[in-house]
Amino acid sequence: MTHNRRMEPDLVLAAFDVEVRRSVRPDGSGARIEADPLVVRWVGANGRGWSGIAWSGLGDADADAVIAAQVAYFAARGEEFEWKLYDYDRPPDLGGRLLAAGFAAAGEESLMVTEVSSVPTQVDLPPGVRLLPVTGEAGVALMADVHERVFGTDSSRLGRSALAQVRDHPDAVAMVVATAGDQPICSARIEFLPGSSFASLWGGGRCPTGVAGASIAP
């Protein structure tokens, strides 16, 4: 008899915590991962890539001190960082404690998990739209430019991180840019997490164009 964890959200979240949030395996971007029993801290290489707290397991008694220690750590590096906060993280008032420590809340995001076998593999593209695999510096620059225009954020750090992955660990990532004619309109990437049964999808936003219904899947 096999056990299907698709029917057990708690088991999926537990696996996600162990294999993704608490993973100490490098992702190919050059980041350094530092783990202890209370936090997993990602430190971008020379300001390249994402830095922050990927996981925390705090209690009422130690939360404020641990938060202060992480703020001091990144302040000493002169670096901004993000604290990934999930609604099941503890203590229950962790969000309020982070705000009190000077963090600013960003927009809410949703965690969605599905099995690869349930995802369609065929890409339905409108006429005139094609997909360009990203394999080098020029493609990374296109992808980062689309990301910046779609989401309105500086993509320089994303570009440096993605280029390091493509150059040094191409098996850890797949990226694609969609174009309408010669105009890049969409980009997306999938990151394969070493030693994990999870992979993560990012991007997918589309630039305003006259092409309707463009869709993309890595």
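So, here is what we can say about the structure in this document. Quick caveat: nothing in here was measured; it's all calculated off a predicted structure. (Residues numbered from 1 in each chain as written. Predicted model: local features only at pLDDT ≥ 70, side-chain atom pairs only at ≥ 80, totals over all residues. Heavy atoms only, no water.)

### Focus: the overall build of the protein chain
Here comes step 1: Along the protein chain, the regular secondary structure elements total 5 helices and 8 strands.
Here comes step 2: The linear arrangement of helices and strands in the protein chain, starting from the amino end, is α-β-β-β-α-β-α-β-α-α-β-β-β.
Here comes step 3: When the 218 residues of the protein chain are sorted by exposure, 37% land in the buried category.
Here comes step 4: The long-range fraction of contacts in the protein chain, counting pairs at least 24 apart against all pairs at least 6 apart in sequence, stands at 55%. (Helix = DSSP H or I, 4+ residues; strand = E, 2+ residues; numbered from the N terminus. Buried < 20%, exposed > 50% of the residue type's maximum accessible area, 1.4 Å probe, protein only. Contact = heavy atoms within 4.5 Å.)

### Notes on the sheet that holds strand β4 (residues 82–83)
Here comes step 1: Spatially, the 4 strands line up as an open sheet ordered β1-β2-β3-β4, and their pairing is mixed. Where the open sheet ends on each side, the last strands, each with one partner, are β1 (32–35) and β4.
Here comes step 2: Alignment of strand β2 (residues 39–43) against strand β3 (residues 52–56), held across 4 bridges, turns out to be antiparallel. Bridge assignment links valine 40 to a residue of β3, and that residue is tryptophan 55.
Here comes step 3: Contacts between helix α2 (residues 63–77) and the sheet are confined to β1, β2, β3 and β4, with β2 contributing the most and set at about 10° to the helix. (Pairing = 2+ DSSP bridges. Axes fitted to C-alpha atoms, helices over the stretch in contact; angles between N-to-C directions.)

### Here's the deal with helix α5 (residues 156–168)
An α-helical turn contains 3.6 residues, so a residue and the one three or four places further along point in the same direction.
Here comes step 1: With 13 residues, α5 ought to run about 18 Å at 1.5 Å a step, and its terminal C-alpha atoms sit 18 Å apart, in line with that.
Here comes step 2: Turning to α5, its buried residues number three or more, namely Leu158, Gly159, Ser161, Ala162, Ala164, Gln165 and Val166.
Here comes step 3: Against the buried residues of α5 lie α4 (137–151), β6 (173–180) and β7 (183–192). (Expected span 1.5 Å × (residues − 1).)

### Some details on the packing of aromatic side chains
Here comes step 1: With the rule as written, the count across this model stands at 7 aromatic pairs.
Here comes step 2: Taking NZ or CZ as reference, arginine 22 lies 3.8 Å from the ring centre of tryptophan 55, over its face.
Here comes step 3: One Lys or Arg, arginine 41, reaches over the ring of tyrosine 73 and ends 3.7 Å from the middle of that ring. (Phe/Tyr/Trp six-rings, centres within 6.5 Å; stacked < 30°, edge-to-face > 60°. Lys NZ or Arg CZ within 6 Å of the ring centre and 35° of its normal.)

### Focus on the sheet that holds strand β5 (residues 129–133)
Here comes step 1: Read across the open sheet, the 4 strands follow the order β5-β6-β7-β8; overall the sheet is antiparallel. Because the sheet does not close on itself, it has two edges, and the strands there are β5 and β8 (199–206). Taken over all neighbouring pairs, the strand axes of this sheet differ in orientation by 20° on average, direction set aside.
Here comes step 2: Of the pairings in the sheet, the one linking β7 to β8 comprises 6 bridges and is antiparallel in character. Following the sheet pairing, cysteine 186 is matched in β8 by arginine 206.
Here comes step 3: Lying on the sheet, α4 is in contact with β6, β7 and β8; it crosses β7 at an angle near 105°.
Here comes step 4: Against the sheet, α5 makes contact with β6 and β7, and its axis sits at roughly 120° relative to β6, the strand it touches most.

### Structural notes on the environment of leucine 125
Here comes step 1: Residue placement: leucine 125 occurs in the loop between α3 (94–100) and β5.
Here comes step 2: Relative accessible area serves as the criterion here: at 27%, leucine 125 is assigned to the partly exposed category.
Here comes step 3: Sequence-wise, leucine 125 and alanine 178 are 53 residues apart; in three dimensions their C-alpha atoms are separated by 9.5 Å.

### So, the packing of α4 against α5
Here comes step 1: Direction vectors running N to C along α4 and α5 enclose 150°, while the axes themselves pass 9 Å from each other. Judged by the twist between their axes, the crossing of α4 over α5 is right-handed. Counted together, Glu137, Val140, Met143, Ala144 and His147 of α4 and Leu158, Gly159, Ala162, Leu163 and Val166 of α5 form the full contact between these two elements. (Left-handed = near helix turned anticlockwise from the far one by under 90°.)

### What about the nonpolar core?
Here comes step 1: Formed by 13 residues in total, the largest nonpolar core has its most connected members in Leu58 and Trp83.
Here comes step 2: Within the residue set of this core, elements represented by two or more residues are β2, α2 and α3.
Here comes step 3: A total of 4 residues in this core trace back to one element, the largest contributor, which is α2.
Here comes step 4: The residues contacting leucine 58, other than those within four sequence positions of it, are Leu38, Val39, Ala63, Val66, Trp83, Arg90, Pro91 and Leu94. (Core = buried A, V, L, I, M, F, W, Y, C linked by side-chain atoms within 4.5 Å.)

These figures come from the coordinates and say nothing about function on their own.
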